[in-house]
Amino acid sequence: MNVNNNSSPVDAISSAGEGTNSMVDIIDNVFFFRWQFIGIFILITMGAVLYALIATPIYTADALIQVEEKKGTSLGALSQVANALGAQQSNVVGEIEILRSRDIIGRAVEKLQLNISARVSNRLPLIGNWLALNLERGPNGLAKPLWEGTSYAWGGERLRISEFIVPQQLVGKRLTLLIGQKESWELFDHNEVLLAKGTGTNQLVVGMDGALRIEIESLRARPGTKFQVVYYSLQSRINQLLGNLAVTETKRQSGIIRLAFQNANADDAAIILNTIADIYLKQNVSRRSEEAELSLKFLNGELPKLRLKLDSAERTLNEFRSKTKTMDISSEIKELLSKATLIEKAQLDLDLKRREYSERYDQSHPLMKSLNSQILGIKAESEQLTRQIGNLPIVQQEYIRLARDVDVNNQLYIGLLNNAQQLQIAKAGTTGNVAIVDRAMTPEVPTRPKRAQIVAVSAAFGLLLAFSICQVLAFMSKVVRDPRKLEHETNLPTLAILPLDEYQAIKQSNEDTFLLAIEKPNSASVEALRSLRTSLIFKLSEKPGANVVLITSAVPAQGKSFISVNLSYLFAASGRKTLLIEADIRLASISRYVKYDKQRAGLSTMLNEQVPPENAVMKDIFPNMDFLPSGPAVKNPGDLLSTDKLLQTIAALASGYDLVIIDSPPLLPVHDARSLGRAADITLFVARQDEVSVNEIHDAIDVFSKSGNTIDGIVYNAFVPSRIRYGYGYGGRYRNSSQYGGYVDKN
């Protein structure tokens, strides 16, 4: 492989692009794939706009509940220290958990029948929900359809079911309720099996042998409307509501709880949240009065029994006094009676305390030990008093016993009656420690979707995604866009950089032949070809006797024929007798630059020995320039070009010219160029900007070198300098080259 020691055209570009870094390459990738970038960005942004417009709006209702703090502890100082350290826990935390409990939410579900869901299922696809919210409503509350004769539901439909019971196998299943004429309806399962049918509202319909019961409370819909009806299990509905319910403390230690509930229906959001708050408030009051209610219930049950015992004891005492004619007693007996009464009452009180403490403490607890000791002491006193009473006459002993029963039962009855009255007062005055400060109101503006935020975030995401895809495309395609990088990748010198000529592109689209070197001799592309001519002269001078130049490429449409014809003309114009050979028998294209009959004799007829060279070569198509066309197409051009006859023919022709330029087929599609490479002294490789990848160039060079051939340099064609990479000033040297030295091309 030859290395050019002279200054390369890439050197000028390198200096122009000096200081570029990987960021410039990244931005240049975006610019190169700008249409993909714009398309992806617009697609994602428009998708976000469409979603923001048609997405179901979600409304959020909120309420505030105040929770009173518990009374402070007797250790006031320690409580203040705990508050200062942030260690004091607010009882709001516990109330929040109660608010989110299955008990509270479950009661709300049952009260509002939220386990029954009914929604319209046959709206217009994609935009049906948006139309239902925005179409004008008629007098009946239904939206006016965009066109008649359709079964679509346009908005305003309503179905309320007051009773709905389904068998277990249909719980959670989607059923379809189809509305017919005159408010008739039919209920189908997911397999379109009829389950029940009825007409009108407020009529209980039974189906599936009594396993299904349904009663429609209210109905507003056109015939053909379909409702999707689902009976959810209580647990699943509770979980769904908990997912839409947020319960938080507004500020630490504030004692204010904020409830927020989200729902697609603004009215339902407020109703559900207020129901949850009411149930929680009622449960809080009930929980606080529950102890008093239980105690009162017990006392109300015991008071009648105790009254009967008291009446019986008084009656027995009166009968005894009448029988024994005892109207008065001595002071000694009164003292014994009083003492006996106190001891009996003390025993009863201690027994009550022991039963109460035994439920909380075991027998080894100090309180239990102290209580047992007191009971033993009272028993000792009772036994001593019993012995003392036993020394009295029988009549006095009986009197003391009966009178003691009356006094004890009377004191117990009065005590329990007082307790019952106090509990009734306490129950009547019991209030909860929570209060609804701010009830939920029907929200007017949806909280979701946040249209502006969605569009902004999606646009940013679209930019990021489009940017990333451009980098991926650049990495995967590796399209040639920079002659510096191509020279670095291939380790081959760039002999010329031909800028894209718009005039050439316009003329080439016409059917008339056009040669840029003649029509626009001072254009930037022709000047670059003159530079290539100079480089080739130096290259040829390094190889004595060398005068055959092969021009090839990796893939088609790289500009080989354009370069071959114009370069041949420039060599001929410099006084060198030049021969141009069109060796691409499969796809001849020089007819766009030289006018000739494609069926005339040419290279293919010469190799088939049908005509001699003097009959195949077109003489003096331009001064000092002859042309050997490809000749008529043949079935096996590859075999024709791989024979020794080709080498002999080219060698014989080259002996009569100063320079022979061969326009070759591309390397990758066919192997013709590999055979032609054996006849060439110098091989030029053409790479067109944006039309070939680095991988294709590597493969072509590898294929050519494995055939024993060598590429001497690269001709970079159709160069359009990137303003991002080279700046706004670069490229002016090419665009203004027609005015160099004061000569202006007026054509």
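Up top is the structure.
So, how was this worked out
Residues numbered from 1 in each chain as written. Predicted model: local features only at pLDDT ≥ 70, side-chain atom pairs only at ≥ 80, totals over all residues. Heavy atoms only, no water. Helix = DSSP H or I, 4+ residues; strand = E, 2+ residues; numbered from the N terminus. Areas by Shrake-Rupley, 256 points an atom, 1.4 Å probe, with all protein chains shown as cover. Expected span 1.5 Å × (residues − 1). Buried < 20%, exposed > 50% of the residue type's maximum accessible area, 1.4 Å probe, protein only. Arc of directions from axis to C-beta. Salt bridge = Lys/Arg side-chain N within 4 Å of Asp/Glu carboxyl O. Axes fitted to C-alpha atoms, helices over the stretch in contact; angles between N-to-C directions. Parallel < 35°, antiparallel > 145°, perpendicular 65-115°, else oblique. Left-handed = near helix turned anticlockwise from the far one by under 90°. Contact = heavy atoms within 4.5 Å. Lys, Arg positive; Asp, Glu negative; His and termini not counted. Pairing = 2+ DSSP bridges. Core = buried A, V, L, I, M, F, W, Y, C linked by side-chain atoms within 4.5 Å. Patch = residues over 30% accessible without salt bridge, like charges linked within 9 Å, V, L, I, M, F, W, Y side chains within 5 Å. Nonpolar A, V, L, I, M, F, W, Y, C, P; charged D, E, K, R; others polar. Phe/Tyr/Trp six-rings, centres within 6.5 Å; stacked < 30°, edge-to-face > 60°. Lys NZ or Arg CZ within 6 Å of the ring centre and 35° of its normal.

Peer 1: Could you clarify how one ought to interpret the overall build of the protein chain in this entry?
Peer 2: Check the secondary structure of the protein chain and you find 26 helices and 20 strands. In the structure as shown, the protein chain presents an accessible area of about 40,600 Å², 52% of it carried by carbon and sulfur atoms.

Peer 1: Looking at this model, I keep getting lost on helix H3 (residues 34-54). Mind explaining?
Peer 2: Two residues of an α-helix separated by three or four positions point the same way, owing to the 3.6 residues in each turn. Here H3 spans 30 Å end to end across 21 residues, near enough to the 30 Å set by a 1.5 Å rise per residue. Inspection of H3 places Phe 37, Ile 40, Ile 44, Thr 45, Ala 48, Ala 52 and Ile 54 among the buried residues, and these make up the whole buried set.

Peer 1: Mind showing me how you'd approach helix H22 (residues 644-654) here?
Peer 2: Restricting attention to buried positions, one finds in H22 the residues Leu 646, Thr 649, Ile 650, Leu 653 and Ala 654. Down the axis of H22, the buried side of the element spans an arc of 130°, and every buried residue falls inside it. In this structure, H22 carries Gln 648 and Ala 652 as exposed residues pointing more than 90 degrees from its buried face.

Peer 1: In this structure, what is going on with the pattern of salt bridges? I would like to understand it.
Peer 2: Think of it this way: side chains of opposite charge can pair up when their charged atoms draw near. With the rule as written, the count across this model stands at 16 salt bridges. The salt bridge involving Lys 144 is made with Glu 136; its shortest N-O contact spans 3.5 Å. Of the residues examined, Lys 144 reaches a relative accessible area of 41% and is grouped as partly exposed. Overall, the relative accessible area of 54% leaves Glu 136 in the exposed class. Residue Lys 543 is joined to Asp 712 by a salt bridge in which the shortest nitrogen-to-oxygen separation is 3.5 Å. In this pair, Lys 543 sits in the loop between helix H17 (524-541) and strand E14 (548-553) while Asp 712 sits in the loop between helix H24 (694-706) and strand E20 (713-719), placing the two residues 169 residues apart along the sequence.

Peer 1: Looking at this model, I keep getting lost on the packing of helix H14 (residues 483-490) against H24. Mind explaining?
Peer 2: A pair of packed helices is characterised by two quantities: the angle between their axes and the separation of those axes. Running from N to C, H14 and H24 point in directions that differ by 40°, and their axes come no closer than 11 Å. Put simply, H14 runs oblique to H24. As for the relative orientation of H14 and H24, their crossing is right-handed in sense. Taken together, the residues of H24 that come into contact with H14 (itself represented by Leu 486, Glu 489 and Thr 490) are Val 694, Ile 697, His 698 and Ile 701.

Peer 1: Help me out: how do you make sense of unusual backbone geometry in this one?
Peer 2: Backbone phi values are negative for most residues with the exception of glycine, while trans is the configuration of most peptide bonds. Residue Pro 449 is bonded to the preceding Arg 448 through a cis peptide linkage, with omega at -5°. Locating Pro 449 in the fold gives a position in the loop between strand E12 (434-438) and helix H13 (451-477). With a phi angle near 60°, Glu 192 is a residue other than glycine that sits in the positive phi range. When you line up the elements, Glu 192 lands in the loop between strand E5 (184-188) and strand E6 (194-199). Look at Glu 192 and you get exposed, because its relative accessible area is 69%. Phi angles above zero are rare outside glycine, and Lys 478 is one such case at about 50°. Residue placement: Lys 478 occurs in the loop between H13 and H14. A relative accessible area of 36% places Lys 478 in the partly exposed class.

Peer 1: Honestly, the side chain of Asp 584 in this entry has me stumped. Any pointers?
Peer 2: Tracing the chain through its elements places Asp 584 in the loop between strand E15 (578-582) and helix H19 (603-607). Among buried Asp, Glu, Lys and Arg side chains, Asp 584 stands out as unpaired, with Lys 560 the closest opposite charge at 5.3 Å. Apart from residues no more than four positions distant in its own chain, Asp 584 is found in contact with Ser 630, Asp 663, Ser 664, Pro 665 and Pro 666.

Peer 1: Even after reading the chapter, I still don't get the sheet that holds strand E8 (residues 212-220), so can you show me in this structure?
Peer 2: Hydrogen bonding along the main chain pairs the strands of a sheet, whether they run parallel or antiparallel. Read across the sheet, three strands follow the order E3-E8-E7 without closing on themselves; strand pairing throughout is antiparallel. Strand pairing shows two members of the sheet lacking a second neighbour, strand E3 (158-165) and strand E7 (204-207), which therefore form its edges. On average, adjacent strands in this sheet sit at an angle of 30° to one another, irrespective of strand direction. As paired elements, E3 and E8 share seven bridges and run antiparallel to each other. Within E8, the position partnered with Arg 158 by the bridge is Arg 220.

Peer 1: When you look at the nonpolar core in this model, what are you seeing that I'm missing?
Peer 2: Note that soluble globular proteins tend to have their nonpolar side chains buried in a common cluster. The biggest cluster of nonpolar side chains holds 44 residues, and the ones touching the most others in it are Leu 579, Ile 581, Leu 628, Val 660, Ile 662 and Ile 697. A total of five residues in this core trace back to one element, the largest contributor, which is H24. Among residues more than four places away in sequence, those in contact with Val 660 are Asn 547, Val 548, Val 549, Leu 579, Ile 581 and Ala 654. Leu 495, Val 565, Phe 571 and Phe 627 belong to the second-largest nonpolar core, a separate cluster that totals 39 residues.

Peer 1: Help me out: how do you make sense of a nonpolar patch on the surface in this one?
Peer 2: Among the surface-exposed residues, Trp 35, Ile 38, Ile 42 and Met 46 lie close enough to one another that they form a single nonpolar patch of about 450 Å² accessible area. Judged by relative accessible area, Ile 42 falls into the partly exposed class, the value being 44%.

Peer 1: What is the right way to read the sheet that holds strand E1 (residues 59-67) from this model?
Peer 2: Strand order in the open sheet formed by four strands is E10-E11-E1-E12, with antiparallel pairing between adjacent strands. Among the strands making up the open sheet, the edge pair consists of strand E10 (245-249) and E12. Here the strands of the sheet are splayed against their neighbours by 25° on average, with no regard to which way each runs. Docked against the sheet, helix H8 (residues 234-244) engages E10 and strand E11 (256-263), running at close to 50° with respect to E10.

Peer 1: When you look at the packing of H3 against H13 in this model, what are you seeing that I'm missing?
Peer 2: For the pair H3 and H13, interaxial distance at closest approach is 8 Å and the crossing angle is 155°. The angle between H3 and H13 places the two elements in the roughly antiparallel class. The hand of the H3/H13 crossing is right-handed. Per-class residue counts for the contact of H3 with H13 are 20 nonpolar, four polar and one charged.

Peer 1: Looking at this structure, how should I read the packing of aromatic side chains?
Peer 2: One pass over the full model with this rule turns up eight aromatic pairs. Residues Phe 562 and Tyr 593 carry aromatic rings whose centres are separated by 6.3 Å and whose planes lie at 55° to one another, so their mutual orientation is tilted. Of the two residues, Phe 562 sits in helix H18 (residues 560-573) while Tyr 593 sits in the loop between E15 and H19, which places them 31 residues apart along the sequence. Ring centres of Tyr 716 and Phe 719 lie 5.8 Å apart, and the angle between their planes is 70°; this geometry places the pair in the edge-to-face category. Like Phe 719, Tyr 716 is buried. Every member of this aromatic cluster is reached through a ring pair, and the members are Trp 147, Tyr 152 and Trp 154. The side chain of Arg 34 reaches across the aromatic face of Phe 31, ending 4.5 Å from its centre.

Peer 1: I tried to follow the environment of Ile 279 on my own but got confused; where do I start?
Peer 2: In this fold, Ile 279 is placed in helix H9 (residues 266-324). What makes Ile 279 buried here is its relative accessible area of 10%. Separated by 174 residues in sequence, Ile 279 and Ile 105 have C-alpha atoms that sit 8.7 Å apart. Excluding its chain neighbours within four sequence positions, the residues that come into contact with Ile 279 are Ile 104, Arg 107 and Ala 108.

Peer 1: How do you make sense of the pairing of E7 when you look at a structure like this?
Peer 2: Residues in a regular strand point their side chains to alternate faces of the sheet. Where burial is concerned, the two faces of E7 differ: the one with Val 205 and Gly 207 is buried and the one with Leu 204 and Val 206 is not. Note: E7 against E8, four bridges, orientation antiparallel. Residue pairing in the sheet places Leu 204 in a bridge with Glu 215 of E8.

Peer 1: Where do I start with the environment of Ile 105 in this structure?
Peer 2: By the element assignment, Ile 105 lies in helix H6 (residues 102-112). What makes Ile 105 buried here is its relative accessible area of 0%. Considering only alpha carbons, one finds Ile 105 and Ala 277, 172 residues apart in sequence, at a separation of 9.9 Å. Excluding anything up to four places from it in sequence, Ile 105 contacts Leu 99, Arg 100, Ile 238, Leu 241, Leu 242, Leu 245 and Ile 276.

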